[in-house]
Amino acid sequence: MLTEIYCEAFGEQKRVPFFSGLNVIQGISDESDGNGNSIGKTNMLKIIDFAFGGKYYIESNGDVIRHKGHHNICFTHMFNGKAYWFMRNTKKHNTVIRCADDKYTPKSEQPVKNFCEWLLSQYRIKDLQLSFREVVSLYSRIWDRPNKDVNRPLYHHYAQPVAEAIISLVKLFGQYGPMQELYEQDKYLKKRHTVLTNAVNYHLLKVPSDQEYRKIKQELSEIQETLQTLRANISIASNENADQLSEQSSQLYEQRLLLITQQGRTKRALQRCRKNMAQLVPPSENVFLPLAEFFPDVNLDRIKEVQGFHNQLRVILSDELKAEETKLLQDVDKISFELDKVGQQIQKFTNLPARTESAMEQMLELAAKKEHLQTQLAVYEDSSKEAEQKAETGRALAEILGSTTAEIQAKINAKILEYSGNIATSNSKAPMLHLTSKNYQYGVEDNTGTGKAYTDLLLFDIAVLSLTQLPILIHDSFLFNNIDDLTKQSFIRLYNNFPDKQIFISLDQFYGKDNEEINKILFNSTRLTLTGHSMLYGKDWRKPSAKT
């Protein structure tokens, strides 16, 4: 439970203690302000909510930040006799700082989400399958939050789906387990249906009608018969040409092998021819000149005559080799042409005949069409199956949820009736909760009085507090404004009957002056008293004379 809040931004009382049971933030009127309004009571309740992981203090208190600057809210929780110290800063409000001691020395940081999970564990309410904020936020009714609709006590906010609000109540009563699988399946099917509907609306998908479905099935049957006929024709065509294909292929491969061999011989002959042509180049005269240096008597003229004869022979041989080269090149081109021709023939005879090719093309077209039709068929059948599942799941969920909500309704109404009998008011008729699997109504029929409406809302919260594991309740002073004093005193008595839980309320004035019992309760339960001269933050910056 929360045992303390400490803040340097506060005025005179910077440390506010809290205990189990009722905790009152008391506003006292005096001659200077005439009432107990606008002195910090609501802000204190926001800070209490902040110490339980809430964020409304940050969302709604820009004026406090402007005038007091960003500040630390320090707080202590105690479980099983052990104290735990924490701190949250208004600037880094998404972080909770774990502190080492009661002086709030920072130790470590964690996200608010982790802190709330820790609270859930410490209060031992993890089995409810709700987050900690989902458990307590609805029943923290602070001024200007959207959960103050007297006719819709289960709404966290105006946009919340009614089915979600009902399930949250079922979870809080610990009765969600038996219907969890059905509820999650129903939620999934509804989401899936929405996705499918959107796909159809955006022309991404088409769900065939019943007539189109029958037509698709007939067309698929015809396609299947055609495919079987085509497969048979291809098989027959392949068997008819098997012997011919084998014989012709063998001859062509033999011819190709001979041509490749012949091509190789011709190319090698061409290489030798070109090598011989390169060797016919006559030696230069410079080759023989060094002979005269070593053999002065050598006859160079004779050598030149012999070399001239050799040159004549080279010319003759060169002409013959060029003629041979030309012929070999022609032979190579001819063999290459024959190889290409044989290659084309091999390709022709190793492929299926034209009749089989046509059948194959038709098969491919039909296969693609078959796949498209099967997709449409699957969409229709899936949609039909989904509709059946959705209807079946909805019926089963409605049945179990109906019996569960009826049980919860009976418990709440019985408790409200019990508490209503203790309310001292001229109109003590007990409000009734009408709860079904799909909707709910709450209040007294034919009664539109504001005071009675808020009385009924307070009764509802106290009934839920007594019947569930809800650990805290926060009620702001605006809830009491239209209620007569005797009824307020009756509620103070009711609040005082929960010693094992924590109830935080704010009051605009002291209601125990003429009643010793109420006086004692308020005296023992008041944790912070605020007046026009002793405001929560020590000053009223709304006044023109206030300095920031």
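Shown above is the structure to which this text applies.
Now for a description of the structure that goes with this document. (Residues numbered from 1 in each chain as written. Predicted model: local features only at pLDDT ≥ 70, side-chain atom pairs only at ≥ 80, totals over all residues. Heavy atoms only, no water.)

## A short note on empty space enclosed by the protein
- As enumerated under the stated definition, the model contains one cavity of 30 Å³ or more in all.
- Each pocket or cavity is described by its volume, and for the largest cavity that value is around 70 Å³.
- Lining the largest cavity we find Leu130, Glu134, Val135, Leu138, Tyr139, Leu154, His156, Ala165, Ser168, Leu169 and Leu172.
- A per-class count over the lining of the largest cavity returns eight nonpolar, two polar and one charged. (1 Å grid on protein atoms, 1.4 Å probe; cavity = no way out; pocket = protein on both sides within 12 Å on 5 of 7 lines; lining within 4 Å. Points joined across faces, edges and corners; volume = space filled by probe spheres on them. Nonpolar A, V, L, I, M, F, W, Y, C, P; charged D, E, K, R; others polar.)

## Overview of the side chain of histidine 77
- The residue histidine 77 is located in strand S4 (residues 72-79) in this model.
- By relative accessible area, histidine 77 is classed as buried at 0%.
- A polar contact is formed between the side chain of histidine 77 and the backbone oxygen of alanine 51, at a distance of 3.0 Å.
- The contact partners of histidine 77, leaving out residues within four places of it in the chain, are Met1, Leu2, Thr3, Ala51, Phe52, Lys82, Ala83, Tyr84, Phe86, Phe115, Trp118 and Leu119. (Helix = DSSP H or I, 4+ residues; strand = E, 2+ residues; numbered from the N terminus. Buried < 20%, exposed > 50% of the residue type's maximum accessible area, 1.4 Å probe, protein only. Polar contact = N/O pair within 3.5 Å; in protein donor to acceptor, adjacent residues only side chain to side chain. Contact = heavy atoms within 4.5 Å.)

## A short note on the layout of surface pockets
- In this structure, the largest pocket encloses a volume near 720 Å³.
- Lining the largest pocket are 29 residues; nearest its centre among them are Ala163, Glu164, Ile167, Tyr183 and Lys187.
- Elements that contribute at least two residues to the lining of the largest pocket include exactly helix H5 (132-136), helix H6 (162-172), helix H7 (180-201) and helix H12 (354-420).
- For the lining of the largest pocket, the element with the most residues is H12, which contributes seven residues.
- Of the residues assigned to the lining of the largest pocket, the class counts are 11 nonpolar, seven polar and 11 charged.

## Thoughts on unusual backbone geometry
- At asparagine 80, a residue that is not glycine, the phi angle is positive and equals roughly 55°.
- Tracing the sequence through the fold places asparagine 80 in the loop between S4 and strand S5 (82-89).
- On the accessibility criterion, asparagine 80 (71% relative accessible area) is exposed.
- Positive phi, close to 60°, is recorded for glutamine 129, a residue that is not glycine.
- Tracing the chain through its elements places glutamine 129 in the loop between helix H4 (112-122) and H5.
- Accessibility expressed as a relative area gives 34% for glutamine 129, which makes it partly exposed.

## Let's talk about the pairing of strand S3 (residues 21-27)
- Burial runs high along S3: seven of the seven residues are buried.
- Note: S3 against strand S12 (residues 502-507), six bridges, orientation parallel. Residue pairing in the sheet places leucine 22 in a bridge with isoleucine 503 of S12.
- One ladder, built from four bridges, connects S3 with strand S13 (residues 526-530); its direction is parallel. Paired with glycine 27 across the bridge in S13 is leucine 530. (Pairing = 2+ DSSP bridges.)

## Brief notes about the sheet that holds S3
- Pairing is parallel across the open sheet formed by five strands, whose spatial order is S8-S11-S12-S3-S13. Sheet topology places strand S8 (140-141) and S13 at the edges, where each strand pairs with a single neighbour.
- Here four bridges tie strand S11 (residues 472-475) to S12, and the two strands are oriented parallel to one another. Bridged to histidine 475 within S12 is isoleucine 505.

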